[in-house]
Amino acid sequence: MAIQLSGVFFNKPSISPPVSHHRRRPPLTVFATASAAPPPSSPPTIQIVGGKTANWYGNGNMSSNNAADSFEEEYGWADIEADLYHWTKTLRPVQWYPGHIAKTERELKEQLKLMDVVIEVRDARIPMSTSHPQMDSWLGNRKRILVLNREDMISTADRNAWADYYGRQGIKVVFSNGQLGMGAMKLGRLAKSVAAGVNLKRRARGLLPRPVRAGIVGYPNVGKSSLINRLLKRRMCPAAPRPGVTRVLKWVRFGSDLELLDSPGIIPMRMSDQTAAIKLAICDDIGERSYNVTDVAGVLVQMLSKLPTANKSNLWERYKIDTDGRCGKTFIHKLAVQLFNGDEHQAAFRVLSDFRKGRLGTIALERPPIG
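Residues numbered from 1 in each chain as written. Predicted model: local features only at pLDDT ≥ 70, side-chain atom pairs only at ≥ 80, totals over all residues. Heavy atoms only, no water.

Digging into the pairing of strand S9 (residues 258-262)
Then step 1. For S9, the buried fraction is high: 5 of the 5 residues fall into the buried class.
Then step 2. Burial along S9 is two-sided: the face carrying Leu258, Leu260 and Asp262 and the face carrying Glu259 and Leu261 are both buried.
Then step 3. The pairing of strand S7 (residues 212-218) with S9 spans 5 bridges and is parallel. Within S9, the position partnered with isoleucine 216 by the bridge is aspartate 262.
Then step 4. Here strand S8 (residues 250-254) runs beside S9; their pairing, made up of 5 bridges, is antiparallel. Its bridge partner lying in S9, phenylalanine 254 is registered against leucine 258.
Then step 5. Adjacent in sequence and paired antiparallel, S8 and S9 are bridged by 3 residues, among which glycine 255 carries a positive phi angle near 70°. (Buried < 20%, exposed > 50% of the residue type's maximum accessible area, 1.4 Å probe, protein only. Helix = DSSP H or I, 4+ residues; strand = E, 2+ residues; numbered from the N terminus. Pairing = 2+ DSSP bridges.)

Spelled out as structure tokens, the structure:
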């Protein structure tokens, strides 16, 4: 069953701002403005239409509490996607395509011919951004199960929203936590039941039954190998909390009636959607060499200050630094001065690490499109 996803990816960022399928509240709109060739000393700015100007470094005059309160009330998921589009336009593009991925992609296409069912694993915090744009064409009509891993890092409301979204499309979804094993056994049973027809057809032709073959695919570091290890109840596949650990395809046997293919993470050769790319960087689903840590942490701070489902006080409670959602890099600079002797790289890494470990709350960075 092919999965048709739309509404979050903006594949032509150089042409026009994205049109989101989330219902957007009209009173306030956020745009980014930057001159074609700004001098080195002029940082890109984010202009609040109808209000005052605040820039990426937070030097704007945004002292009105009433204006801030009104802004938060009107801000929604459509706004965060529009803001991300503009924020990422001024940053170094996130690109990562190590050599082993190209080889894996070729081999995986060949192995797909042997699979009875494909288990696609995505990051529950960013299900849209961890969906490979070519996956549907590769799989065709092959049976597929969608796994949203790291369910412990999103809220119940986030989980319910995604369950309802995919349920309405008739897509089989399993929420899992590869580290603790939650959802692993359910996934194993579902894989065997979905592919049960394989052996019925074999018996009808007078052939002996064989194990169901299930391939586990997905982006780097979304938890594919951890899920397999939990299913097998032993460490059969190398797993670590960083992208690029698995580098070769490997078949492993689960009992007498299921075989699993562990595969390295696969990503597009070129990340044309930089709003998705920045979320991959935030969630550690792409190699660290592909992005500027300080830039990514600054975007995360701004997202956490504006996301409708995020607790706005979490950043203050953890770091004792104020933020108004318009000064991500200023926040990182203040944290660097306060804790790391001015080292902004270390401060940025601390913020990203805290988010990735759930210390800033259970927060999804995406919600399903509406309509």
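A short note on the pairing of S7
Then step 1. Most of S7 is tucked away: 6 of the 7 residues are buried.
Then step 2. When strand S4 (residues 117-123) meets S7, the two strands line up parallel, connected through 5 bridges. Bridged to glutamate 120 within S7 is valine 217.

Here we look at helix H9 (residues 274-282)
Then step 1. Of all the 9 residues making up H9, 9 are buried; the element is thus mostly covered by neighbouring parts of the structure.
Then step 2. Within the span of H9, buried status applies to Gln274, Thr275, Ala276, Ala277, Ile278, Lys279, Leu280, Ala281 and Ile282.
Then step 3. Where H9 is buried, its residues touch helix H2 (77-89), helix H10 (293-306) and helix H13 (344-356).
Then step 4. Following H9 by one or two positions, aspartate 284 has its phi on the positive side, about 65°. (Contact = heavy atoms within 4.5 Å.)

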